[in-house]
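# A closer look at the structure
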Amino acid sequence: MKLKMQSLPAPLAIVLLLLTSFTSPAQNIPSPKAYLGYEIGENFSRHHQVIGYFQALANAATSQIKLQQYGATNEGRPLMLAFISSAENMARLDDIRQNNLRHAGMLSGNADMNSPAIVWLSYNVHGNETSSSEAAMKTAHFLLTDSRAAGWLKNTIVVIDPCINPDGRDRYVNWYNSVKGKQMNPDPQSREHSEPWPGGRSNHYNFDLNRDWAWQTQVETQQRIKVYNQWMPHIHVDFHEQGYNEPYYFAPAAEPFHEVITPWQRSFQESIGRNHAKYFDLQGWLYFTKERFDLFYPSYGDTWPTYNGAIGMTYEQGGHSRAGLGVINEDGDTLTLADRADHHFTTGISTVEISSMNAGKLVENFNTYFADATKNGAGTYKSFVVKGNNAQSKMDKLIQLLQRNGITVGYANNGTAKGFNYASQKEESFNLERGDLVISTVQPRGSLVQVLFEPSSMLSDSATYDITAWSLPYAHGLQAYAVKEKLAVTPGMAVPAIAEVVTGKHYGYAVAWQSMKEAAFLSSLLQAGVKARFTEKPFVLNNKDYAAGSLILLKTSNAGVIDFDLTVQRIAQQHAVRIVPINTGFADKGVDFGSPDVKSILPPKVAMISGDGVSSLGAGEVWHYFDTELQYPVSLINLNDAARMRWDNYDVVILPDGFRYQQLLAKDGELAGWVQRGGKVILMENAVAQAARADWGIKTREDVDAKKDKEDEYANLKKYADRERDGLKEFNPGSIFRVHLDNTHPLAFGYGEEYYTLKGDGTVYQFMKDGWNVGVIKKNPLMAGFAGSALKKQLQDGLIFGHMNMGRGNVIYLADDILFREFWENGKLLMANAIFMVGRAGSSL
């Protein structure tokens with residue numbers, strides 16, 4: 001049976017206000033059924049059909065809709081926007097865009113306050129949350145054909161992104177269409193409700209695009225944010241789906257709200273929610289507000305627009321991948337794709353309606369938001385100083401991220417200042433020097449600056465949906481200070497450094513090992529056939545200090561490389577890496593280049609375990625790292641095929657985060673035998689936990705229990721209503737901890753003595769007696785974010801990163817996610833060290 005609806009005494013014309021089909025004032029505008037051949041909800045539409053329908057609308061209503069392809073996915077599918085408004089507004093669309101940027105202080109000149117509201121609707125960021133792209137087609141048709149919509153569009157521009165994640169959508173839709181029969185089966189146990197690995201939620205590289213708005217690690221996000229920044233809408237809606245037993249969720253959001261969110265942004269969420277409720281109440285549809293979905297983590301499709309001055313919101317329809325074309329929920333009702341699309345259609349149209357009714361207020365408050373940011377800045381700290389003595393390649397990564405976010409950067413003038421030292425977590429005086437970056441909150445995007453840089457964000461409620469700490473100096477491993485005053489700066493466009501050009505023929509070259517830039521350089525060298533060395537001890541040459549891990553490239557044993565010097569110089573230029581010519585192997589201090597402490601680097605053959613039983617997100621992080629950052633070949637082996645794997649074809653095998661490695665980690669299994677023969681295995685996150693249970697040389701640290709007293713007998717007397725709150729004591733959604741590194745070990749080459757890890761669980765491991773405790777946490781290691789009171793007692797005095805010899809092979813333990821969402825820049829060199837440097841024998845080439 002269909003989803004039950006409450007019977008209400010409202011007149012039928014009002015009850016069906018948004019769901020009734022209306023006569024089109026332009027008879028040649030095709031309905032979705034006329035183009036697709038079926039009603040919305042009867043079948044899943046493939047991405048090319050969605051795009052084709054919008055193209056048909058643009059061909060039929062040329063004066064009211066404009067399409068713009070803003071990019072393409074990894075698999076080559078187009079990314080498209082549709083702009084819909086009145087013919088009068090469309091005729092001056094770019095003038096409206098530029099005027100809006102003047103409101104935001106991003107173009108010079110006075111803005112016209114009598115300007116349209118801009119509403120941006122984003123659909124299908126999670127590919128298997130498919131109802132929203134169906135709703136997008138219905139929404140566009142309504143806006144172009146309904147007489148009431150024509151009135152709204154006189155003062156409103158509607159921007160529709162019908163499918164943010166085409167690769168994920170088609171992955172799901174193509175799978176679903178291949179397993180359903182002539183009729184859909186609503187039995188939730190039927191195979192059409194059990195999507196195979198990796199699922200359609202993520203993009204090509206198995207990344208969750210709804211966590212990538214601020215970090216912009218994925219091509220879809222990079223291209224979308226570029227055009228978003230050219231418009232800066234007043235309203236942004238991100239359409240989602242949740243479990244099929246859940247009713248609809250819409251604004252207002254749940255706590256915690258970040259403190260930079262303004263009273264106006266909060267209050268208008270309330271107005272929008274009440275408008276939606278009006279239509280849902282008339283239809284008898286269930287919904288909830290103010291629960292679960294908060295506004296805190298900065299990289300969502302609701303929070304990032306909010307921190308950029310918009311009213312940002314998430315709408316969540318029950319359904320998700322398990323709903324298919326129809327599914328029987330726990331109430332015994334059948335939830336259909338048509339139902340799901342109707343609900344999203346209703347909130348989309350309701351959003352446009354309420355925005356049009358309040359267009360003047362939206363524009364006025366948008367203007368005030370940016371005027372206040374430009375005049376007063378945001379937050380307690382007005383300036384964030386990133387010291388110029390950080391590795392230039394790390395500075396370049398930060399500059400690139402800030403530029404993608406539209407954040408203005410300046411340079412410090414010589415002087416002194418007092419600020420919060422991120423490393424010591426104390427207020428300290430420090431010297432300002434030319435070359436120090438200064439990022440001020442006194443700029444249009446000041447709120448976003450505060451959110452991304454503040455040492456620790458204030459939580460109004462610790463029951464949050466995602467990580468609670470992300471401060472960029474920690475994520476990028478940079479020496480930095482937060483200053484309460486606005487510092488005078490020298491304006492200028494911060495640009496990534498360009499490596500000096502080196503020419504001529506030389507004995508060899510030395511390269512400081514500092515960041516992923518040098519790691520990608522090494523990757524290219526090895527693939528070009530260049531044999532490289534690294535030093536396990538520091539040395540001095542020509543009065544320049546080189547730390548352990550520095551690369552040494554010599555003509556010795558590179559006779560087979562055609563024009564060795566030109567090859568090295570060309571690859572260095574490609575990666576903007578500084579190579580220093582050397583003309584002797586005799587060091588001023590430290591090891592000479594023929595020392596046993598100078599190791600060779602041979603190009604390893606690498607495999608990664610993937611597929612069912614492995615975290616798709618964890619595997620995606622490693623895959624993306626190899627494919628786009630390190631640019632080094634890796635073979636992806638399905639876990640189910642591991643029994644047939646030819647282990648000796650590989651030098652390194654990576655087990656990313658996963659939950660079904662028990663058989664693979666058997667002590668008498670193929671993997672253990674391969675390691676004993678000389679293989680190197682890298683265990684990540686939950687793979688480490690499973691290795692501990694399988695006795696792979698590492699053990700979890702025993703829980704630290706407080707001394708009990710008589711009052712503990714009452715500890716089990718808990719209120720049912722407090723059950724979620726009680727669970728917070730054992731909860732760590734994601735917080736930053738200080739890790740002490742043994743940077744004399746190859747796993748930590750290129751680092752100082754401390755590292756900041758993003759920890760998302762309560763697991764630490766005992767210090768190893770027979771291995772190397774490379775990264776450990778000690779007393780009071782929490783730097784930023786929330787961790788439950790019970791976990792804080794446990795999260796200390798334990799191992800996070802380690803290395804152990806097993807027979808002739810090596811086991812590397814990486815208990816935390818060093819590649820988290822690919823934005824945790826400071827962890828990436830650990831992976832390169834694990835691949836290329838750990839366990840290298842001291843052979844000469």
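Attention here is on the structure that accompanies the text. Please read all numbers here as calculations on a predicted model, not as lab measurements. (Residues numbered from 1 in each chain as written. Predicted model: local features only at pLDDT ≥ 70, side-chain atom pairs only at ≥ 80, totals over all residues. Heavy atoms only, no water.)

## Comments concerning the overall build of the protein
From N to C terminus, the protein includes 24 helices and 37 strands. Here the protein has a C-alpha radius of gyration of 29 Å; the compact-globule value for 845 residues is 28 Å, and the two agree. C-alpha extents for the protein along the principal axes are approximately 90 × 70 × 65 Å. When each of the 845 residues of the protein is scored for burial, the buried share is 60%. The contacts in the protein between residues at least 6 apart in sequence include a share of 78% that link residues at least 24 apart. Charged side chains in the protein number 81 positive and 89 negative. The centres of these two groups are separated by 3 Å. (Helix = DSSP H or I, 4+ residues; strand = E, 2+ residues; numbered from the N terminus. Rg over C-alpha atoms; globule rule 2.2 N^0.38 Å. Buried < 20%, exposed > 50% of the residue type's maximum accessible area, 1.4 Å probe, protein only. Contact = heavy atoms within 4.5 Å. Lys, Arg positive; Asp, Glu negative; His and termini not counted. Charge placed at Lys NZ, Arg CZ, Asp CG, Glu CD.)

## Structural notes on the pattern of salt bridges
Tallied over the full model, the rule gives 34 salt bridges. E75 is the partner of R77 in a salt bridge, and the nearest nitrogen-oxygen pair spans 2.6 Å. A salt bridge links K537 to D597, with the shortest nitrogen-to-oxygen separation between them at 3.3 Å. With K537 in the loop between β21 (532-535) and β22 (539-541) and D597 in the loop between β26 (589-590) and β27 (598-601), the pair connects residues that are 60 residues apart, well separated along the chain. By relative accessible area, which is 43% here, K537 ends up partly exposed. (Salt bridge = Lys/Arg side-chain N within 4 Å of Asp/Glu carboxyl O.)

## Looking at the side chain of S440
Note on placement: S440 falls in strand β17 (residues 437-440). Residue class for S440 comes out buried when judged on its relative accessible area of 14%. At 3.4 Å, the side chain of S440 forms a polar contact with the backbone oxygen of K382. Among the polar contacts listed, one links the side chain of S440 to the backbone nitrogen of V442, at a separation of 2.9 Å. (Polar contact = N/O pair within 3.5 Å; in protein donor to acceptor, adjacent residues only side chain to side chain.)

## A word on the sheet that holds strand β19 (residues 489-491)
A sheet is described by the order of its strands in space; here 7 strands give the open sequence β16-β15-β18-β13-β17-β14-β19, paired in antiparallel fashion. This sheet does not close on itself; its edge strands, each paired only once, are β16 (426-432) and β19. Sheet twist, expressed as the average angle between the axes of neighbouring strands with direction ignored, equals 40°. Against the sheet, helix α15 (residues 446-453) contacts β13 (383-386) and β17, and its axis sits at roughly 55° relative to β13. (Pairing = 2+ DSSP bridges. Axes fitted to C-alpha atoms, helices over the stretch in contact; angles between N-to-C directions.)

## Here's the deal with the pairing of β16
As paired strands, strand β15 (residues 415-421) and β16 are joined by 7 bridges and run antiparallel to one another. Considered in β16, the bridge of G419 is made with E428. Connecting β15 to the antiparallel partner β16 that follows it, the hairpin turn spans 4 residues, and Q425 within it adopts a positive phi of roughly 60°.

## Focus on the environment of I601
In this fold, I601 is placed in strand β27. As for I601 and A532, which are separated by 69 residues in sequence, their C-alpha atoms are 5.5 Å apart. Discounting chain neighbours no more than four positions away, the residues touching I601 are L522, L526, A532, R533, F534, L551, F836, M837 and R840.

## A short note on the pairing of strand β1 (residues 65-72)
Pairing between β1 and strand β2 (residues 78-84): 7 bridges, direction antiparallel. Paired with G71 across the strands is L79, a residue of β2. Where β1 hands over to β2, the hairpin turn is made up of 5 residues, of which G76 adopts a positive phi near 90°.

## A word on the packing of aromatic side chains
The tally for this structure, following the rule as stated, stands at 51 aromatic pairs. Taking 6.0 Å as the distance between ring centres and 90° as the angle between the ring planes, the aromatic pair formed by F280 and Y287 counts as edge-to-face. Note on F280: relative accessible area 0%, which makes it buried. Cluster of aromatic residues (ring-pair linked, three or more members): W215, F296, Y297, Y300, W470, F820, F823 and W824. For the cation-ring pair, R266 lies above F257, with the distance from its terminal atom to the ring centre recorded as 4.2 Å. When the ring centre of W696 is taken as origin, the NZ or CZ atom of K667, which lies over that ring, is 5.7 Å away. (Phe/Tyr/Trp six-rings, centres within 6.5 Å; stacked < 30°, edge-to-face > 60°. Lys NZ or Arg CZ within 6 Å of the ring centre and 35° of its normal.)

## Describing the sheet that holds strand β23 (residues 544-546)
Read from one edge to the other, the open sheet built from 3 strands follows the order β23-β22-β26, with strand pairing classed as antiparallel. The two strands at the open ends of the sheet, each matched to only one other strand, are β23 and β26. Where β22 meets β26, 2 bridges bridge the pair, whose relative direction is antiparallel. For V540, the partnering residue across the bridge sits in β26 and is K589.

None of the figures reported here should be taken as evidence of function without further support.
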